[in-house]
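Residue strings, one per chain:
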Amino acid sequence: VKEITKRLNKSYYDGSDSETDHCEVVGSLGRSTAIKSFSDVDMLFILPYSKKKQYDDYEGNGQSKLLQDVKKEIKKKYPKTMVRGDGQVVVVRFESLKKIVEVCPVFEKSDRSFWYPDSNKGGKWKTTDPLPEIEEADAFNLTTDTNFSYVCQLVRAWKNNIGFKFGGLLIDTLVYKFFKQHTKYYSAS
């Protein structure tokens, strides 16, 4: 994530070498509910807002063009790694690490949510708002003495062992609701 961020900062922010600026790790890692065997990292890379007009004005599918441009920049750092656009993200597959980084290029809105590209069906901008979820997960971990994260991780491990499909955000939401209804478990050992 740091190397991808550094590469994109160099490309989009006047040669910046920052490994952290303009990057948000989201998903279960961002919410601190991932288990050790996680396979993918979800990250947002916040592009300069001034670039959005370029993709809005692009003749054709500007969202697809944005993904291709970001892919091209990442390939400069990882020329032998599989990097591909996939609808809303650029997927970087690190075979040796058995990890995938999904890079979602975004433009920040005034309310701290983000526009992200959806290149399907001719292209459009969609909105995502993961930062309040991350903030609430962090705060709830303080309230529950980290039990919120522990139970989310336990359910993920159980799900993976059983082998059924159940989204990570849904797991986190159900665990959150459970704790809200059963406050006696906030400090359970």
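Rules of the game
Residues numbered from 1 in each chain as written. Predicted model: local features only at pLDDT ≥ 70, side-chain atom pairs only at ≥ 80, totals over all residues. Heavy atoms only, no water. Helix = DSSP H or I, 4+ residues; strand = E, 2+ residues; numbered from the N terminus. Buried < 20%, exposed > 50% of the residue type's maximum accessible area, 1.4 Å probe, protein only. Areas by Shrake-Rupley, 256 points an atom, 1.4 Å probe, with all protein chains shown as cover. Lys, Arg positive; Asp, Glu negative; His and termini not counted. Charge placed at Lys NZ, Arg CZ, Asp CG, Glu CD. Core = buried A, V, L, I, M, F, W, Y, C linked by side-chain atoms within 4.5 Å. Contact = heavy atoms within 4.5 Å. Salt bridge = Lys/Arg side-chain N within 4 Å of Asp/Glu carboxyl O. Pairing = 2+ DSSP bridges. Phe/Tyr/Trp six-rings, centres within 6.5 Å; stacked < 30°, edge-to-face > 60°. Polar contact = N/O pair within 3.5 Å; in protein donor to acceptor, adjacent residues only side chain to side chain. Axes fitted to C-alpha atoms, helices over the stretch in contact; angles between N-to-C directions. Parallel < 35°, antiparallel > 145°, perpendicular 65-115°, else oblique. Nonpolar A, V, L, I, M, F, W, Y, C, P; charged D, E, K, R; others polar.

A count of helices and strands for the chain gives seven helices and seven strands. Based on the C-alpha atoms only, the size of the chain along its principal axes is roughly 55 × 40 × 35 Å. Residue burial in the chain is summarised as follows: out of 189 residues, 40% are buried. When the accessible surface of the chain is totalled, it reaches about 10,700 Å², and 51% of it is carbon and sulfur. Both charge centroids of the chain, one from 31 positive and one from 26 negative side chains, sit 6 Å from each other.

By size, the foremost hydrophobic cluster in this structure holds 22 residues, and its most contacted members are Ile4, Leu8, Val70, Ile74, Val92, Val101 and Val103. Mapped onto this core, the elements with two or more residues apiece are helix 1 (2–12), strand 2 (40–46), helix 4 (62–77), strand 4 (89–94) and strand 5 (99–108). Of the residues forming this core, the biggest block, four residues, is contributed by helix 4. In this structure, valine 101 is in contact with Val1, Ile4, Val41, Met43, Val90, Val91, Val92 and Phe94, ignoring residues within four places of it in sequence.

With glycine set apart, most residues show a phi of negative sign, and most peptide bonds adopt trans. The phi dihedral of aspartate 14 is positive, around 50°, even though this residue is not glycine. Topologically, aspartate 14 is positioned in the loop between helix 1 and strand 1 (23–26). We note that histidine 22 has phi near 70°; this positive angle belongs to a residue other than glycine. In this fold, histidine 22 is placed in the loop between helix 1 and strand 1. Residue histidine 22 is classed as partly exposed on the basis of its relative accessible area, which comes to 27%.

Under the defined criterion, the tally for this structure stands at 15 salt bridges. With its nearest N and O atoms 2.8 Å apart, the salt bridge here joins lysine 10 to aspartate 17. Here the residues in one salt-bridge network are Arg31, Glu133, Arg156 and Asp172, joined through shared partners.

On to the pairing of strand 5, then. The buried fraction of strand 5 amounts to seven of the 10 residues, a majority that puts the element mostly inside the structure. By the bridge criterion, seven bridges tie strand 2 to strand 5 in an arrangement that is parallel. Its bridge partner lying in strand 5, aspartate 40 is registered against isoleucine 100. The turn linking strand 4 back onto strand 5 is made up of four residues, and lysine 98 within it adopts a positive phi angle of 55°. Adjacent in sequence and paired antiparallel, strand 5 and strand 6 (residues 114–118) are bridged by five residues, among which arginine 112 carries a positive phi angle near 75°.

For the structure on display, the rule yields 15 aromatic pairs. Seen from their ring centres, phenylalanine 140 and phenylalanine 179 are 6.2 Å apart, and the 80° between their planes marks the pair as edge-to-face. Of this pair, phenylalanine 140 sits in helix 5 (residues 131–143) while phenylalanine 179 sits in helix 7 (residues 168–181), and the two are 39 residues apart along the sequence. In this structure phenylalanine 140 comes out as buried when scored by relative accessible area, which is 3%.

Okay, the side chain of serine 18 next. Note on placement: serine 18 falls in the loop between helix 1 and strand 1. Residue class for serine 18 comes out buried when judged on its relative accessible area of 17%. Reaching out from serine 18, the side chain makes a polar contact with the backbone nitrogen of threonine 20 at a distance of 3.1 Å.

Before going further, it helps to spend a moment on the packing of helix 5 against helix 6 (residues 147–162). The N-to-C vectors of helix 5 and helix 6 enclose an angle of 110°; their axes lie 7 Å apart at closest approach. Comparing the axis directions of helix 5 and helix 6 gives the class roughly perpendicular. Facing Ala137, Phe140 and Asn141 of helix 5, the residues of helix 6 in contact are Asn147, Phe148 and Ser149. For the contact of helix 5 with helix 6, the per-class residue count stands at three nonpolar, three polar and no charged.

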